[in-house]
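# An overview of the molecular structure
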Amino acid sequence: MKLDESQFKDTQKLVRQLLKDSTHLYDLPIASYEVPVYEHPSLNDLGVWGFAQCHPDYRIFIDARVPKHQRRRTIWHEAIEVVNDVFDLGLNETQIRVLEQSLWQVMQKKKL
């Protein structure tokens with residue numbers, strides 16, 4: 001999804017605010033990028049467990065209150081969002097969720 005100029009500015013303002021209150025956890029290698037993953041104390045107050053920023057830089061945010069059993073899966077979902085953008089796949093949210101759930105199931109059953 002492409003953002004119009006006002007949406008882009010609002011997203012940039014949101015990211016700046018999120019960065020102020022976030023803790024850097026680690027970087028994920030995705031394609032030729034090192035995508036920083038941040039933990040935020042109250043991201044879920046915005047109605048989401050995770051958030052992937054794709055422009056102008058790639059970043060992943062996760063709520064600090066995500067239950068332990070859901071943390072990796074939430075980060076996995078946001079990583080797929082970044083892959084979708086990096087490779088311009090054009091996947092919608094439903095397709096991303098199907099990929100997340102299907103691949104996660106394989107990884108869990110086979111202990112990958």
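Report follows, based on the coordinates.

Right, let's get into the packing of aromatic side chains. According to the stated counting rule, one finds three aromatic pairs in the structure shown. Plain terms: the ring middles of Y33 and Y58 are 4.8 Å apart, the flat faces sit at 70° to each other, and that makes the pair edge-to-face. Here Y58 lies in the loop between β3 (50–53) and β4 (59–63) and Y33 lies in strand β2 (residues 33–40), a separation of 25 residues in the sequence. The partly exposed category is assigned to Y33, whose relative accessible area is 37%. Relative accessible area serves as the criterion here: at 13%, Y58 is assigned to the buried category. Ring geometry for Y38 versus F61: centroids 5.3 Å apart, planes at 25°, classification stacked. On the criterion of sequence distance, the pair formed by Y38 in strand β2 and F61 in strand β4 is long-range, its members being 23 residues apart. Just as Y38 is buried, F61 falls in that class too. Three or more aromatic residues joined by ring pairs make a cluster, and in this case those are Y38, F51 and F61.

The four strands are arranged β1-β2-β4-β3 in an open sheet whose pairing can be described as mixed. Here the strands that pair on one side only, and so sit at the sheet edges, are β1 (23–30) and β3. Direction aside, neighbouring strands of the sheet carry axes that sit 20° apart on average. For β3 and β4, the ladder comprises four bridges, and the chain directions are antiparallel. Directly across from Q53, in β4, lies its bridge partner R59. Along the sheet face, helix α2 (residues 68–86) touches β1, β2, β3 and β4 and points at about 155° away from the line of β4.

Parameters at a glance
- Residues numbered from 1 in each chain as written.
- Predicted model: local features only at pLDDT ≥ 70, side-chain atom pairs only at ≥ 80, totals over all residues.
- Heavy atoms only, no water.
- Phe/Tyr/Trp six-rings, centres within 6.5 Å; stacked < 30°, edge-to-face > 60°.
- Helix = DSSP H or I, 4+ residues; strand = E, 2+ residues; numbered from the N terminus.
- Buried < 20%, exposed > 50% of the residue type's maximum accessible area, 1.4 Å probe, protein only.
- Pairing = 2+ DSSP bridges.
- Axes fitted to C-alpha atoms, helices over the stretch in contact; angles between N-to-C directions.
- Contact = heavy atoms within 4.5 Å.

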